[in-house]
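# A closer look at the structure
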Amino acid sequence: MAIAARINQTRYEVFRRRYELSIPKKLVLSLGMAALIGLAAQVRVPLPWSPVPITGQTFAVLLAGVLMGTWWGGVSLALYAGLGIAGVPWFTGWGGGLSYLAGPTGGYIIGFIFAALFLGYVTDRYVRARRFASMLAIMLFANFVLIYVPGLLQLGLWMNFVKGTPATFSSLLMMGAIPFIAGDVIKAVLAAGIASAITPKVAYIRENK
């Protein structure tokens, strides 16, 4: 019991202090998280029928929203996107530059920002969202709606205007969604398990229960 109480107190103190950090320190943490996402982007498996590879990014993105909290998860992903556009080679395949963001996978990167903002807001605001079942549900929503929708939209535009071969809805799903579903579910389960294990189950910033 004493060990469990100490663990719970440690989780509470870590997240409370994270909330109270100064803006410069939060920016440093956000930059560090962006770098970790850049490393996760290099874990990739190319698919011969799709310009979109399987990567480890979504796992890192889902955790970033929870670990960094309201706004700052989104800031981490905005730094990842913005510095990548500026030339930092941390997109998938050690790529960088505006042309990468305008390519077939750029919409997923924009979706990462939305997903991290959403997860940070919900888990900081609602204590019950930090339990495994709730965490998994919101991570699946973030992954399959907030990431996939802009990703598929840009993939379709890229196919139409860059490749000159308009894609049907079914072919878009085959290139940009269906091959990734099983892996993304597994990554969401793992991320939800980690996030629910490390987040405090009591309020630290006057959250709703």
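Residues numbered from 1 in each chain as written. Predicted model: local features only at pLDDT ≥ 70, side-chain atom pairs only at ≥ 80, totals over all residues. Heavy atoms only, no water.

### Section: the overall build of the protein
Assigned secondary structure in the protein consists of 9 helices and 2 strands. Counted from the first residue to the last, the protein has its helices and strands arranged as α-α-β-β-α-α-α-α-α-α-α. A globule of 209 residues ought to have a C-alpha radius of gyration of about 17 Å, and the protein, at 18 Å, matches this closely. Here the C-alpha coordinates of the protein stretch approximately 60 × 35 × 25 Å along the principal axes. Counting every position in the protein, which comprises 209 residues, the buried fraction comes to 46%. Taking the intrachain contacts of the protein between residues at least 6 apart in sequence as the baseline, contacts between residues at least 24 apart amount to 73%. By element, 73% of the accessible surface of the protein is carried by carbon and sulfur atoms, the whole surface being about 10400 Å². A gap of 3 Å separates the mean positions of the 17 positive and 5 negative side-chain charges of the protein. (Helix = DSSP H or I, 4+ residues; strand = E, 2+ residues; numbered from the N terminus. Rg over C-alpha atoms; globule rule 2.2 N^0.38 Å. Buried < 20%, exposed > 50% of the residue type's maximum accessible area, 1.4 Å probe, protein only. Contact = heavy atoms within 4.5 Å. Areas by Shrake-Rupley, 256 points an atom, 1.4 Å probe, with all protein chains shown as cover. Lys, Arg positive; Asp, Glu negative; His and termini not counted. Charge placed at Lys NZ, Arg CZ, Asp CG, Glu CD.)

### Quick notes on the packing of aromatic side chains
When we look at a pair of aromatic rings, we describe it by the centre distance and by the angle of the planes. Tallying each qualifying case throughout the model produces 5 aromatic pairs. Centroid distance F91 to Y100: 4.9 Å. Interplanar angle 25 degrees. Geometry classified as stacked. Using a relative accessible area of 0% as the deciding quantity, one classes F91 as buried. With centroids separated by 5.2 Å and ring planes inclined at 55 degrees, the aromatic side chains of F118 and F141 adopt a geometry described as tilted. Placement of F118 in helix α6 (residues 106-125) and of F141 in helix α7 (residues 132-161) is noted, with a sequence separation of 23 residues between them. (Phe/Tyr/Trp six-rings, centres within 6.5 Å; stacked < 30°, edge-to-face > 60°.)

### Focus: the confidence of the model for the protein
Across the protein, the average pLDDT comes to 91, with 97% of residues at or above 70. Averaged over each element, pLDDT in the protein is lowest for helix α1 (residues 2-20) (76) and highest for α7 (96). (pLDDT = per-residue confidence, 0-100.)

### Quick word on the pattern of salt bridges
Considering all chains together, one arrives at 3 salt bridges under this definition. A salt bridge links R17 to E13, with the nearest nitrogen and oxygen atoms 3.7 Å apart. Here E13 and R17 lie together in helix α1, a separation of 4 residues that amounts to about one turn. The partner of D184 in a salt bridge is K187, with the nearest N and O atoms 3.1 Å apart. With a gap of 3 residues between them, D184 and K187 both fall in helix α9 (residues 181-198), about one helical turn apart. (Salt bridge = Lys/Arg side-chain N within 4 Å of Asp/Glu carboxyl O.)

### What about the side chain of T92?
As for its position among the elements, T92 is in the loop between α4 (72-86) and α5 (98-101). We classify T92 as buried; its relative accessible area is 9%. Of the polar contacts made by the side chain of T92, one reaches the side chain of Q57; its length is 3.4 Å. The residues touching T92, leaving out its near neighbours within four places in the chain, are A41, Q42, R44, P53, T55, Q57, Y80 and Y100. (Polar contact = N/O pair within 3.5 Å; in protein donor to acceptor, adjacent residues only side chain to side chain.)

### Considering the nonpolar core
Counting residues in each nonpolar core, the largest one holds 50 residues, and the members touching the most others are I37, L77, Y80, M139 and L155. Of all the elements in the fold, those that place two or more residues in this core are α2 (23-40), α3 (57-68), α4, α6, α7, α8 (169-176) and α9. If one sorts the elements of this core by residue count, α7 sits on top with 12 residues. In this structure, L155 is in contact with P51, V52, P104, Y108, L172, M175 and G176, ignoring residues within four places of it in sequence. (Core = buried A, V, L, I, M, F, W, Y, C linked by side-chain atoms within 4.5 Å.)

### Examining the environment of I3
Of note, I3 is situated in helix α1. C-alpha of I3 to C-alpha of V52: the two residues are 49 residues apart in sequence and 45 Å apart in space.

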